[in-house]
Amino acid sequence: VGKFVHRYFDKYSILADDVGVLSYVGEGRYTDLTGVGSVTIAWNRSTNFSGPGLVRLLDITKGFRIAIVSEGYERWIPEDWIKVASWDLFDYDGASKKTIFFFGRSTNEADDLLKHLKEYRYFLSHDITIKYFYTPPRPPAE
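Parameters and conventions
Residues numbered from 1 in each chain as written. Predicted model: local features only at pLDDT ≥ 70, side-chain atom pairs only at ≥ 80, totals over all residues. Heavy atoms only, no water. Salt bridge = Lys/Arg side-chain N within 4 Å of Asp/Glu carboxyl O. Buried < 20%, exposed > 50% of the residue type's maximum accessible area, 1.4 Å probe, protein only. Helix = DSSP H or I, 4+ residues; strand = E, 2+ residues; numbered from the N terminus. Arc of directions from axis to C-beta. Phe/Tyr/Trp six-rings, centres within 6.5 Å; stacked < 30°, edge-to-face > 60°. Lys NZ or Arg CZ within 6 Å of the ring centre and 35° of its normal. Pairing = 2+ DSSP bridges. Axes fitted to C-alpha atoms, helices over the stretch in contact; angles between N-to-C directions.

A.B. asks: Residues and numbers for the pattern of salt bridges, please.
C.D. replies: Applying the stated criterion across every chain yields a total of 6 salt bridges. Here aspartate 88 makes a salt bridge to lysine 97, at a shortest N to O gap of 3.9 Å. Judged by its relative accessible area of 6%, aspartate 88 falls in the buried class. Where salt bridges share partners, they join Asp88, Lys97 and Lys131 into one cluster.

Listed below in structure tokens is the structure:
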């Protein structure tokens, strides 16, 4: 995930729930939903303000382009964001699975994200399962 972000979204504002690798390999502005990297998020979560409302509030000042979140945090993403794809990643033992979801903030971001995810699939390990949820709108017929 970190290499993907570094390749295509290095200078953008990204919402995530695990920014460790993203921060290590990239130079973007990452907002960590867990609250580990943000006092604002930690304080809001401690007062039970979380989910889509918190994401919308943060988006006003951060201007996210995409979100990359694992299971559990996908419910935090506002309904008008577009779920583009997911990767099922397996741990070293091959038994544990973690699903990562990719969301675009708007149709333009979802289109770019889908294009880049499809380009990048050739760099992924063969044990990663990819699912696509988004189909770009077709231009009107003339």
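Still to come is the rest of the account.
A.B. asks: So what's going on with helix H4 (residues 52–62)? Residues and values would help.
C.D. replies: Buried residues of H4: Leu54, Val55, Leu58 and Asp59, and no others. An end-on view of H4 places all buried positions within 135 degrees of arc, on one side of the element. Turned more than 90 degrees from where H4 packs its buried face, Ile60 and Thr61 sit exposed. At the exit of H4 stands glycine 63, carrying a positive phi of roughly 60 degrees.

A.B. asks: Tell me about the packing of aromatic side chains, and please be specific about residues and values.
C.D. replies: For any pair of aromatic rings, geometry is given as the distance between the ring centres together with the angle between the planes. A full pass over the atoms with the stated rule returns 13 aromatic pairs. Between the aromatic rings of tyrosine 8 and tyrosine 120, the centroid separation amounts to 6.2 Å while the plane-to-plane angle is 85 degrees, which identifies the pairing as edge-to-face. Remark: tyrosine 120 occurs in helix H5 (residues 107–120) and tyrosine 8 occurs in helix H1 (residues 2–8); sequence separation between them is 112 residues. In this pair, the class of tyrosine 8 matches that of tyrosine 120, namely buried. Each ring, one from tyrosine 73 and one from tryptophan 76, has its centre 5.2 Å from the other, and the planes form 55 degrees; the classification is tilted. Grouping residues by exposure puts tyrosine 73 and tryptophan 76 together as buried. Through a chain of ring-to-ring contacts, the aromatic side chains of Phe4, Tyr8, Phe9, Tyr12, Trp87, Phe102, Tyr120 and Phe123 assemble into a single cluster. One residue, arginine 65, lies across the ring of tyrosine 12, its end atom 4.2 Å from the ring centre. A cation sits over an aromatic face here: lysine 118 above tyrosine 132, 5.2 Å from the ring centre.

A.B. asks: Provide a residue-level description of the sheet that holds strand S6 (residues 129–132), including the pertinent values.
C.D. replies: Read across the sheet, 6 strands follow the order S2-S1-S3-S5-S4-S6 without closing on themselves; strand pairing throughout is mixed. Because the sheet does not close on itself, it has two edges, and the strands there are strand S2 (29–32) and S6. Pairs of neighbouring strands in the sheet enclose a mean axial angle of 20 degrees, with direction left out of account. Here 3 bridges tie strand S1 (residues 13–16) to strand S3 (residues 66–70), and the two strands are oriented parallel to one another. Of the residues in S3, the one forming a bridge with isoleucine 14 is isoleucine 66.

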